[in-house]
Amino acid sequence: MRDEQDFLRKIEDVAGALRQARERGDSASILMGAGVSVSAGIPLAQGFVEAVKRDDPAAYARALEKTYPHVMAALDVGPRHDLIARYVERARLNWAHVLLGVLVQRGYIGRILTTNFDNLALRCTGLYGVYPAVYDVTALAKFDASLIRDPAILFLHGQHRGFVQLHARDDVTSNARRLQPIFADATVRRPWIVLGYSGDNDPVFECLSRVKVFPYGLYWIGYRESPPGAAVTSKLLGKKRQAFHVAGYDADTFMIALFRALELELPSLLKDPFTHTLEVLDQFAPFPTDLGGEDFTVPARSLCQNARRVLIDGGIPEPRRDADVELARLVMQGHLFRGDYDAVIAHGGEQVPPPLHRLVAIALGVRADSAHERVRKAVHELQDPLPCLTAALADLDRAITLAPDLAELHCERGAVRWTAFEAFTGEAAEDLAARARVDLEHALRLEPDLLAALYNAAYGEALVAQRQTGEACTAGLERAREGFRKALERDPDHVPSLVNAARVLFALASAGEPASAAEAAALLQRAEQIEPRNYELRLTALSHSLREGIAEWSVFQAELPVLVERAESMCATNPSDVRGRFLLGLLQAFDASLSETPEARAQFDAGWRAYTETRDAPQWARLAGGLRFDVLRQAMACVLSMEACNRGEEAGAAYYQLADEEFAAAAMLPGNAAATLQQWGPMLTLRADATEGRLRLQLLDRADEKFAAALAAAPDDPEALLEWSAAKVARIEANDGAAAASYAAALDLLRRAEAIEPGASIHVGWAKACEAYAETFVDDPGRKITILREASDRYERALAEASDNGEYWFDWAGCAHELAESFIEVGAPDEVRRYYRTALNACARAAELEVHADILGTQTMLLGSMAEFEETWGDLGAAAMLRQQAEALVEAALRREPTNRDLLEYALEIYDENKNAVAFAALVRKLARLDPPFPRSALTADDYELLEDPSPEIREALARLAP
């Protein structure tokens, strides 16, 4: 995995690059995307799609795909321009643009390249008397990048009032060809800033990525903690190209942080509006009259000069008079702008004048928000959140006293309490929950549509429900679902509501509402369209995959490596979050249990530690990402049993003990005994299969106890009946002297299961019981044949219902082979040939469905055995043909996989059995060319008859092998 530290930089690095460029007489280039204008009121692409869906459903229906390019293309040109203009014209200047204008005015930024249609960049520079050259690249027939003069704004996709606006992918791609000289010129002696731009599937990004190196640095400003996209990471970022990633900001907070890092003051428009107004008035020409010009600005100028003289030059008096209070407000606003909230609060004093209550309350609220973030961090790292919680509540209590009608403060206090709730139990948790509900109810009385209050109210209900069981849990989840529905009515693109609503729906699906799972998946898909790298979204998706995997283990095994990789990538973006480490540990443990390598053992132990460190924390339900605790404990118990098998009986004993402890703990959970016992039994049977003697029988006795208890709790569970029959088969194979009784018990269990839920799995279970029992009749081939025929009949019935199951076909082939061998003993050649053909046909069908070496080995073994039988009965021609078929099978497989060692060794065995010295020698020469080399010591006369007296060709080939 690539080390992100190679291209990570901080805000101080960006400030340093801009400062150095300005000192040498140069300036920076900035590329801006849609994210810069979101807080100004202009939506992202998905927002425009929703607007068309709402305002012009016919156009939305015409779109072939419900994506931005297709939906916008479905609109006529006029309505499309009107839609863009409507949002642009009512947009307000956000802080990203307000401060961008100052940076242009002061020479830090000289060139603005934007993929947006809005005029906010022009408006922000105009505030400070700066009017850059404007280039609409889409409308220029001829373009010479060398003639651009700073400051300049380049609209790469058009303007909201321009003739051309590029929305469709083909138009954007075509236009991108003329952009390369612009990007090349904008790199000369300039640092780059990329802000509010994802680079996803955009030809503009391809122009940027073709710049070989950025001599003065490129700083890609990510969206908050989300990592850059894969294309950005692979095609652009890197120390070698001097292209770096700066994380932790949105557009507004980045510009504020950059301003602070450059140690710039509040813009004069806000810090000293009187001087700013005087500077604007200086630009007015005299008003023309018949007697000459008249300075109409004199009265306004006098008012501004007098105000400045009193309020700015007169110092900062204590806030006793109205004018003094307004002056104090001006000073405090400056502190607020610089992020010095303590100074705002201190300046307000112990007795805050009423006109300043709101300002001080806001500072207290912002400071409390910082403490809230520390509470959240402590909870997610299993630390004590109480000190941070106390500080946050103290600030919010005082803020609410100063501004009791500010709904956001009540909302924030409720949110802090819900966050802390995750770390507490008992009366402390109940008190936090009750107080949080009161806070949020108050907030919603003040402002019924306050999104944050709607969201936090629903979020709290979900937290409480996760700790409940039965009807109380379901009722709580329903309340949470309704709450998130209201939040999403308020803002359909609110990603936290989408993600947490999905968590609630997944929980409801586990509680018996299957349709909720599809609704949850749709919500996650929508959230991914809006903010694909959102941490909570990725965490929830992984949790869901883990939950689904536990239910469908066979599918889960194939997906595990990809899920582990996703978890590693997610944890790299937020390594301190214990929930991410927890899920990564679980997935690593599951993945490691399927491998036999030494590295996998260490990986499993690391995953187990992550599990046990969090298992008993009060935050369990949250940390498990909505997984039911009982299901997880059962799954971990099963995985521990698998891991014990990997380590062998002696080293694995401790893991078997841990598995038993996990099963026992899961069985104690309310309403979970039957499901746990039903899984415990098969794990004991699996362990018994790997042992011998007395221990094997003891394990099978324990398995019988678990199955009996499971069926006592749930007597009509067909899965438990089927699994118990498998345990009885294991007891038959243990040959404990009671095979007949175990066989009868197995068939009785299978009859009960078949009466409840007939199906292919019952037939296969029956066949395996017959096969195991038939093996006990070594001295009675007739009785053995009768029982094996019943097994074969059951396989045939199973495959009539499940003809695409390769494992069933392969098992039938084994049964038919055993029948053929039994008929050899009684001298029935026609029956021998019949069952050999059945076995070969079943193997061929299995190979069509599941190609692997075991099937090929069985096919060639069957052909060899049948050839020996035909030789015994004197049909040498048939025997030779069968051996040729075996060779052809192996050779066809080798053409598909010429370096597969298992296949090569099968081929050697076939050629040896067929006494084909030429083919044997040719294959040895192939083995000599393998990497790593095939050792000479692996080929001995004990294994291959052709090596007892090797031919010259074989001797020459053997000489090529490694020692």
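Because the structure is a prediction, the values reported are computed rather than measured.

> How do you make sense of the overall build of the chain when you look at a structure like this?
For the chain, the helix and strand inventory stands at 44 helices and nine strands. A compact globule built from 963 residues would reach a C-alpha radius of gyration of about 30 Å, whereas the chain, at 38 Å, exceeds it by more than 25%. Counting only C-alpha atoms, the chain reaches 135 × 70 × 55 Å along its principal axes. Counting all 963 residues of the chain, 50% fall into the buried class. Within the chain, counting contacts between residues at least 6 apart in sequence, those at least 24 apart form 66% of the total. Side-chain charges of the chain comprise 103 positive and 144 negative groups, with the mean position of each set lying 7 Å from the other.

> Before we go on, may I ask you to explain the sheet that holds strand E6 (residues 218-223) in this structure?
Sheet strands pair via backbone hydrogen bonds, and the direction of the pair is either parallel or antiparallel. Sheet architecture is open: seven strands sit in the order E3-E4-E2-E1-E5-E6-E7, paired in parallel fashion. With partners counted over all chains shown, the strands left at the sheet margins are strand E3 (133-136) and strand E7 (243-249), one partner each. Strand-to-strand, the axes of this sheet are offset by a mean angle of 20°, without reference to chain direction. Sheet analysis places strand E1 (residues 28-32) next to strand E5 (residues 192-195), joined by four bridges and oriented parallel. Within the sheet, the bridge partner assigned to Leu31 lies in E5 and is Val194.

> So what exactly am I meant to see when it comes to the confidence of the model for the chain here?
Note: predicted coordinates in regions of low pLDDT should not be interpreted at a detailed level. Chain-level pLDDT for the chain is 84 on average; 92% of the residues reach the 70-or-more range. For residues 315-320, every residue scores under 50 in pLDDT, and the model assigns this stretch 11 contacts once sequence neighbours within four places are set aside.

> Just checking my understanding: could you explain the nonpolar core for this structure?
Nonpolar side chains tend toward joint burial in soluble globular proteins. Ranked by size, the top nonpolar core spans 100 residues in total, and within it Tyr743, Leu908, Phe920, Val924 and Leu939 carry the most contacts. Excluding residues that lie within four positions of it along the chain, Val924 makes contacts with Leu908, Leu939, Ala957, Leu958 and Leu961.

> Where do I start with a negative patch on the surface in this structure?
Taken together, the side chains of Asp854, Glu868, Asp902, Glu905, Glu909, Glu913, Asp942, Asp943 and Glu948 make up a negatively charged region of the molecular surface. With four residues, helix H42 (residues 901-913) is the largest single contributor of residues to the negative patch. Looking at the secondary structure, you find Asp943 in the loop between helix H43 (917-928) and helix H44 (952-958). For Asp943, a relative accessible area of 52% gives the class exposed.

> In this structure, what is going on with the pairing of strand E2 (residues 109-114)? I would like to understand it.
Across a regular strand the side chains alternate sides, sitting on one face of the sheet and then on the other. Along E2, six of the six residues are buried, which leaves the element largely enclosed by surrounding structure. As paired elements, E1 and E2 share five bridges and run parallel to each other. Note that in E2 the partner of Leu31 across the bridge is Leu113. Here four bridges tie E2 to strand E4 (residues 152-155), and the two strands are oriented parallel to one another. Looking at E4, one finds that Ile112 is bridged to Ile153.

> What is the right way to read the packing of aromatic side chains from this model?
Each pair of aromatic rings is reported with the distance of its centres and the angle of its planes. The final tally for this structure, using the stated rule, is 19 aromatic pairs. Note on Tyr197 and Trp220: the rings are 5.9 Å apart at their centroids and 50° apart in plane angle, and the pair reads as tilted. Residue Tyr197 is found in the loop between E5 and helix H10 (203-209), and its partner Trp220 is found in strand E6; the two are separated by 23 residues along the sequence. As far as the burial class goes, Tyr197 and Trp220 line up, both buried. Taking the centre distance of 5.9 Å and the plane angle of 50° together, the rings of Tyr455 and Phe484 count as tilted. Pair noted here: Tyr455 is in helix H22 (residues 451-466) and Phe484 is in helix H23 (residues 470-490), with a separation of 29 residues, a long-range link. With respect to burial, Tyr455 and Phe484 carry one shared label: buried.

> Which parts of the structure should I look at to understand the pattern of salt bridges?
When their charged atoms lie close together, side chains carrying opposite charge are able to pair. Tallied over the entire structure, the rule returns 49 salt bridges. The partner of Glu206 in a salt bridge is Lys235, and the shortest N-O contact between them spans 3.3 Å. In this pair, Glu206 sits in helix H10 while Lys235 sits in helix H11 (residues 230-235), placing the two residues 29 residues apart along the sequence. Judged by its relative accessible area of 28%, Glu206 falls in the partly exposed class. Among the ionic pairs, Arg845 bridges to Glu848, the shortest N-O distance being 2.9 Å. Here Glu848 and Arg845 lie together in helix H39 (residues 829-849), a separation of three residues that amounts to about one turn. The exposure class assigned to Arg845 is partly exposed, which follows from its relative accessible area of 24%. Ionic contacts of the salt-bridge type, sharing partners, join the residues Asp397, Arg413, Arg417 and Asp439 into one network.

> What should I look at first to understand helix H33 (residues 693-713) in this one?
Note: α-helices contain 3.6 residues per turn, so residues at a spacing of three or four share the same orientation. Counted at 1.5 Å a residue, the expected span for H33 with its 21 residues is 30 Å, and the 31 Å between its end C-alpha atoms agrees. Contacts made by the buried residues of H33 are with helix H32 (673-689) and helix H34 (718-734).

> How do you make sense of the environment of Asn94 when you look at a structure like this?
With respect to the secondary-structure elements, Asn94 resides in the loop between helix H5 (77-89) and helix H6 (95-105). Asn94 gets classed as buried once you look at its relative accessible area, which sits at 5%. Along the primary structure Asn94 and Gly41 are separated by 53 residues, whereas in three dimensions their C-alpha atoms are 8.7 Å apart. When neighbours within four sequence positions are excluded, Asn94 is seen to be in contact with Val36, Ser37, Ser39, Ala40 and Asp252. There is a polar contact of 2.7 Å between the side chain of Asn94 and the side chain of His97.

> Mind showing me how you'd approach helix H29 (residues 598-615) here?
Relative to the 26 Å expected for 18 residues at 1.5 Å per residue, H29 spans 26 Å between its end C-alpha atoms, a close match to the ideal helical length. Regarding H29, the residues found buried are Ala600, Arg601, Phe604, Gly607, Trp608, Ala610, Tyr611, Thr614 and Arg615.

> Could you clarify how one ought to interpret the pairing of E7 in this entry?
Among the seven residues that make up E7, five are buried, leaving the element largely enclosed by the rest of the structure. Relative to E7, E6 runs parallel, the two being bridged by five bridges. Residue pairing across strands places Ile221 opposite Val246, the latter belonging to E7. Each parallel crossover has a hand, and for E6 linked through H11 to E7 it is right-handed.

> What is the right way to read the environment of Leu697 from this model?
With respect to the element layout, Leu697 can be found in helix H33. By relative accessible area, which is 27% here, Leu697 ends up partly exposed.

> Before we go on, may I ask you to explain unusual backbone geometry in this structure?
With the exception of glycine, most residues fall at negative phi, and the peptide bonds are largely trans. Cis geometry is adopted by the peptide bond preceding Pro151, which originates at Asp150 and carries an omega value of -10°. Within the secondary structure, Pro151 is located in the loop between E3 and E4. In this model, Glu263 sits at a positive phi of 60°, which is unusual for a non-glycine residue. Mapped onto the elements of the fold, Glu263 is located in the loop between helix H12 (251-261) and helix H13 (268-271). Given the relative accessible area of 67%, Glu263 is considered exposed.

Criteria and cut-off values
Residues numbered from 1 in each chain as written. Predicted model: local features only at pLDDT ≥ 70, side-chain atom pairs only at ≥ 80, totals over all residues. Heavy atoms only, no water. Helix = DSSP H or I, 4+ residues; strand = E, 2+ residues; numbered from the N terminus. Rg over C-alpha atoms; globule rule 2.2 N^0.38 Å. Buried < 20%, exposed > 50% of the residue type's maximum accessible area, 1.4 Å probe, protein only. Contact = heavy atoms within 4.5 Å. Lys, Arg positive; Asp, Glu negative; His and termini not counted. Charge placed at Lys NZ, Arg CZ, Asp CG, Glu CD. Pairing = 2+ DSSP bridges. Axes fitted to C-alpha atoms, helices over the stretch in contact; angles between N-to-C directions. pLDDT = per-residue confidence, 0-100. Core = buried A, V, L, I, M, F, W, Y, C linked by side-chain atoms within 4.5 Å. Patch = residues over 30% accessible without salt bridge, like charges linked within 9 Å, V, L, I, M, F, W, Y side chains within 5 Å. Areas by Shrake-Rupley, 256 points an atom, 1.4 Å probe, with all protein chains shown as cover. Salt bridge = Lys/Arg side-chain N within 4 Å of Asp/Glu carboxyl O. Phe/Tyr/Trp six-rings, centres within 6.5 Å; stacked < 30°, edge-to-face > 60°. Expected span 1.5 Å × (residues − 1). Polar contact = N/O pair within 3.5 Å; in protein donor to acceptor, adjacent residues only side chain to side chain. Right-handed = clockwise from strand over helix to strand, strands pointing away.

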